[in-house]
Amino acid sequence: MKPLIIANWKANPGSVKEAKRLFKAIPYNRQVVICPPSCYFYLGKKHKLGSQNCFLETGAFTGELSPEMLKSLRIDYVILGHSERREYFKETDELIREKVKACLKEKLKVILCVGEKKGQNTLTILKRQLSCFEKGIFAVAYEPVWAIGTGNFCNPEKAKKALDFIKKRTKTKVLYGGSVNSSNFKQYLKQGFDGVLVGGASLNIKELKKMI
Ligand code: 13P
């Protein structure tokens, strides 16, 4: 199976001009999914697109997006449980579990993020966070929090232990994320990861093109 690249742009870039430039420069590839801020979805017509988050339902929920909206926009993928959502927006496993169910109901392809913080026991955290797993989830992304945006990527052999643990429990695709770039991403594929979830390096056209 060809590896997947999920590009998580987070709250970047800061202008529509720059977003246009990025979309234009990224070649279409069916193994690549771009997850831009939702205000830029309309610019990514030729690319496969994903949302970085989603709420539970359509209605009086100021500032939110619903699974129904994503479906009707043909945004097929959705990242849920990202550590930045957990940390800065106080999302709990309980809420994430509800979001997973709501998105699966609309047949969205859910990418569930899990991973430990520095000093935490990896397998204990994974076990707890995988309580959000549901049959039908598209992929689980192992993203050790300490490796995100730090340049301090996880040792691939150590990541393999997390991969095996997740695979055994979920029997689904498993991605690695955390300071992935064009020089280290192959090491994760070699360990058996089905792809990568890329933050910072996915905003750098040269880097992203090299990986594609
Ligand atoms: P970085 O690649 O910038 O470390 O971010 C990883 C990430 O959080 C992807 O979801």
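Before reading on, note that the structure itself is shown above.
What comes next is a walk through the structure.

Calculation notes
- Residues numbered from 1 in each chain as written.
- Predicted model: local features only at pLDDT ≥ 70, side-chain atom pairs only at ≥ 80, totals over all residues.
- Heavy atoms only, no water.
- Salt bridge = Lys/Arg side-chain N within 4 Å of Asp/Glu carboxyl O.
- Helix = DSSP H or I, 4+ residues; strand = E, 2+ residues; numbered from the N terminus.
- Buried < 20%, exposed > 50% of the residue type's maximum accessible area, 1.4 Å probe, protein only.
- Near = heavy atom within 4 Å.
- Polar contact = N/O pair within 3.5 Å; in protein donor to acceptor, adjacent residues only side chain to side chain.
- Areas by Shrake-Rupley, 256 points an atom, 1.4 Å probe, with all protein chains shown as cover.
- Nonpolar A, V, L, I, M, F, W, Y, C, P; charged D, E, K, R; others polar.
- Contact = heavy atoms within 4.5 Å.
- Axes fitted to C-alpha atoms, helices over the stretch in contact; angles between N-to-C directions.
- Left-handed = near helix turned anticlockwise from the far one by under 90°.

## Details of the pattern of salt bridges
One pass over the full model with this rule turns up 10 salt bridges. Across the salt bridge formed by Asp93 and Arg128, the nearest N and O atoms sit 2.9 Å from each other. Taken together, the residues Asp93 in helix H4 (residues 93-105) and Arg128 in helix H5 (residues 122-129) connect sequence positions 35 residues apart. Using a relative accessible area of 9% as the deciding quantity, one classes Asp93 as buried. Judged by relative accessible area, Arg128 falls into the partly exposed class, the value being 46%. Bridged by salt links that share partners, the residues Arg85, Glu91 and Lys99 form one connected network.

## A closer look at the site of the ligand
Contacts to the ligand come from 13 residues, most closely from Lys10, His82, Gly149, Ser179 and Gly200. A distance of 2.8 Å separates an oxygen atom of the ligand from a polar atom in the side chain of His82. Contacts to the ligand include Ser179, whose backbone N or O atom sits 2.7 Å from an oxygen atom. Coverage of the ligand by the protein amounts to 95% of the 310 Å² it exposes when considered alone. Grouping the constituent residues of the shell around the ligand by class yields 4 nonpolar, 7 polar and 2 charged.

## Details of the environment of Ile111
Its location among the elements puts Ile111 in strand E5 (residues 109-114). Separated by 101 residues in sequence, Ile111 and Lys10 have C-alpha atoms that sit 15 Å apart. Sequence-distant contacts of Ile111, that is, excluding residues within four places in its chain, are made with Ile6, Tyr77, Val78, Ile79, Leu80, Phe138, Ala139, Ala141 and Leu175.

## Brief notes about the packing of H5 against helix H6 (residues 156-170)
Put simply, H5 and H6 touch, their axes get as near as 11 Å, and they point 30 degrees apart. Note that H5 runs across H6; the crossing there is right-handed. Contacts from Thr122, Leu123, Leu126 and Lys127 in H5 reach Lys158, Ala162, Phe165 and Ile166 in H6. Looking at the contact of H5 with H6, its residues break down into 5 nonpolar, 1 polar and 2 charged.

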